Amino acid sequence: MRNSEGWDNPMKGCKVKGLGYAKAKRKVTNDELSTYVDTNHEWIQTRTGIESRYISEDENTSDLGVRAAKMALQDAQIDPKEIDLIITATFTPDKTTPSTACLIQSKLGMKEQAVMAFDINAACSGFLYALQTAHSLLAMNQAKCALIIGAEVISKQLDWEDRATCIIFADGAGAMVLKQEDTACRMFHYARSMGDEQGIIHSDAPLPRKLFEKQIYTPSLVRMNGSETFRFAVKAMQESMEAVLQQAGVKMEEIDWIIPHQANSRIIANVCRRCHIDMAHVYMNIAEYGNTSAASIPLALGEMKEKGLLKEGMKLVLSGFGAGFTWAGAYIEL
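Residues numbered from 1 in each chain as written. Predicted model: local features only at pLDDT ≥ 70, side-chain atom pairs only at ≥ 80, totals over all residues. Heavy atoms only, no water.

Topic: the overall build of the chain
Note the cut-off: Think of it this way: any DSSP run of H or I at least four residues long counts as a helix, any run of E at least two long counts as a strand, and we number them from the N terminus. Computation of the radius of gyration draws on C-alpha atoms, with the globule rule given as 2.2 Å multiplied by the number of residues to the power 0.38. A 1.4 Å probe and the Shrake-Rupley method give the accessible areas. Residues count as covered only by the protein chains that appear here. When charges are counted, Lys and Arg contribute as positive and Asp and Glu as negative, whereas His and the chain ends are disregarded. Here the site of a charge means atom NZ of a Lys, CZ of an Arg, CG of an Asp or CD of a Glu.
Helix and strand content of the chain: ten helices and 13 strands. Taking 334 residues into account, the globule formula puts the C-alpha radius of gyration at 20 Å, and the chain, at 20 Å, falls close to it. When the accessible surface of the chain is totalled, it reaches about 15,500 Å², and 49% of it is carbon and sulfur. Charge separation in the chain, taken as the distance between the mean sites of 36 positive and 41 negative side-chain charges, equals 1 Å.

Structure follows, in structure tokens:
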């Protein structure tokens, strides 16, 4: 990057300043879900680790994102006027356009503010993609203070008769404030994708049609091949964690907390066995929240901060995977 004198500008440092989360208002237990779909608590819990989830009946994705953002800003003790970058990771936006990030900007009272705002869709890896993007923009001095949000209302795209998906997915949001700072934290990223034309995990959009032909559009529902996803997920999460640890020059046993995407407790346990990870250092809240896709990692971080589990100087590894296929990891020193 060149300044007016032609010299390369040094990369800027940044630090995690605040974390927040929001859950939807209605808690739905496995027992309640089993009154509608052919399943039961034991079947769900043993296969996924999920015991309940939160479902939004009146708030959209931006609404949950705003609540998480306000909590993160309060935690950071930062005035919203300092924010000049908003990135929202979601595959369940309020609208196709404008972006959910722009809607959140408006709802936070930042409508007239000079902000760069946009969405990222990398499914369940979305927050980690957004974090890497924000970190890069701050490091290159293209922004000074970023609000990064993972938010989903997946229930609006669920088929409540499809046992492969409706028992797993749920609604929620998480947010992080990342700011340029001289006392910067060490942070490393890894992100990859693999085109999945088979649609092992997918939610379809409207198809092209003949000129002037009437559009008949039914909202797309989430579909997933669970066994294929499981096989991919274990390898992808291991790869992403090992990659960021190698970049950081840190061993797994030095990590204070591993925060994985909350997709399935059996996937997480399998990864931990392969990587020789002590489960005592793995934060899991899937039993309470289910799989909230791009929201799951920031939601977990926000909850951990609220519980007092995160301290300055701690070493964290984040890891996720999702439709695309996508997978990503991050190493952060708080």
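Let us keep going from here.
Describing the sheet that holds strand E5 (residues 116-120)
To keep things clear, this is the line we draw: Between any two strands, pairing holds if DSSP finds at least two bridges. The axes used here are C-alpha line fits, helices contributing only the stretch in contact, and every angle between their N-to-C directions lies in the interval 0 to 180 degrees. Contact definition: two residues touch when any of their heavy atoms are within 4.5 Å.
Strand order across the open sheet formed by five strands is E1-E7-E6-E4-E5, with mixed pairing between neighbours. Both outer strands of the open sheet, strand E1 (14-23) and E5, are each paired with one neighbouring strand and no more. Strand-to-strand, the axes of this sheet are offset by a mean angle of 15°, without reference to chain direction. Helix H5 (residues 126-139) rests against E1, strand E4 (85-89), E5, strand E6 (145-153) and strand E7 (171-180) of the sheet, and its axis sits at about 160° to E4.

Focus on the confidence of the model for the chain
What counts is decided by this rule: Every residue gets a pLDDT, meaning the predictor's confidence in that residue, from 0 to 100.
On average, residues of the chain score 91 in pLDDT, and 96% of them reach the 70 mark or higher. Within the model, the stretch residues 1-7 combines pLDDT values under 50 with ten contacts to residues more than four positions away or in other chains.

Concerning the layout of surface pockets
Which parts of space are left empty comes out when a probe the size of a water molecule is rolled across the atoms. In plain terms, the rule: The way it works is a 1 Å grid over only the protein atoms, where trapped points that fit a 1.4 Å probe form a cavity and open points with protein on both sides within 12 Å along at least five of seven lines form a pocket, and then any residue with an atom within 4 Å of a point lines it. Grid points are joined across faces, edges and corners, and a volume is the space filled by probe spheres set on the points. For this scheme, ten residues count as nonpolar: Ala, Val, Leu, Ile, Met, Phe, Trp, Tyr, Cys and Pro. Four count as charged, namely Asp, Glu, Lys and Arg, and the remainder, Gly too, count as polar.
Considered as a void within the structure, the largest pocket measures approximately 1,200 Å³ in volume. Forming the boundary of the largest pocket are 48 residues, of which Phe91, Phe169, Ile201, His202 and Val222 lie nearest the centre. If you list the elements that add at least two residues to the lining of the largest pocket, you get helix H2 (41-48), helix H6 (163-166), strand E9 (201-202), helix H7 (226-248), helix H8 (265-275) and strand E12 (315-322). For the lining of the largest pocket, the leading source of residues is H7, giving four residues. The residue inventory of the lining of the largest pocket, partitioned by class, reads 22 nonpolar, 18 polar and eight charged.

What about the pattern of salt bridges?
Basically, it comes down to this: Any Lys or Arg side-chain nitrogen located within 4 Å of an Asp or Glu carboxyl oxygen qualifies as a salt bridge. Note on classification: 1.4 Å probe, protein chains only; a residue is buried when its accessible area is under 20% of the maximum for its type, exposed when over 50%, partly exposed between these limits.
Summed over all chains, the structure comprises 15 salt bridges. Between lysine 27 and glutamate 288 there is a salt bridge whose closest N-O contact spans 3.4 Å. Of this pair, lysine 27 sits in strand E2 (residues 26-29) while glutamate 288 sits in helix H9 (residues 286-289), and the two are 261 residues apart along the sequence. Assessed through its relative accessible area of 39%, lysine 27 is described here as partly exposed. By relative accessible area, which is 26% here, glutamate 288 ends up partly exposed. Arginine 223 is the partner of aspartate 159 in a salt bridge, and the nearest nitrogen-oxygen pair spans 3.1 Å. Linking aspartate 159 in the loop between E6 and H6 with arginine 223 in strand E10 (residues 223-224), this pair joins segments that are 64 residues apart in sequence. Judged by its relative accessible area of 30%, arginine 223 falls in the partly exposed class.

A look at the side chain of threonine 88
Along the chain, the position of threonine 88 falls in strand E4. According to the relative accessible area criterion, threonine 88 is buried, its value standing at 0%. Setting aside chain neighbours within four positions, we find threonine 88 in contact with Thr100, Ala101, Ile104, Phe118, Asp119, Ile120 and Ile149.

Quick look at the sheet that holds strand E13 (residues 326-333)
Spatial strand order, E8-E13-E12-E11: four strands in an open sheet with mixed pairing. Each edge of the sheet is formed by a strand with only one pairing partner; in this case those strands are strand E8 (187-193) and strand E11 (257-260). Neighbouring strand axes in the sheet, compared pairwise and without regard to direction, differ in orientation by 10° on average. The pairing of E11 with E12 spans four bridges and is classified as parallel. Of the residues in E12, the one forming a bridge with isoleucine 259 is leucine 318. Helix-sheet contacts for H5 involve E8, E12 and E13, and the interaxial angle to E8 is about 130°.

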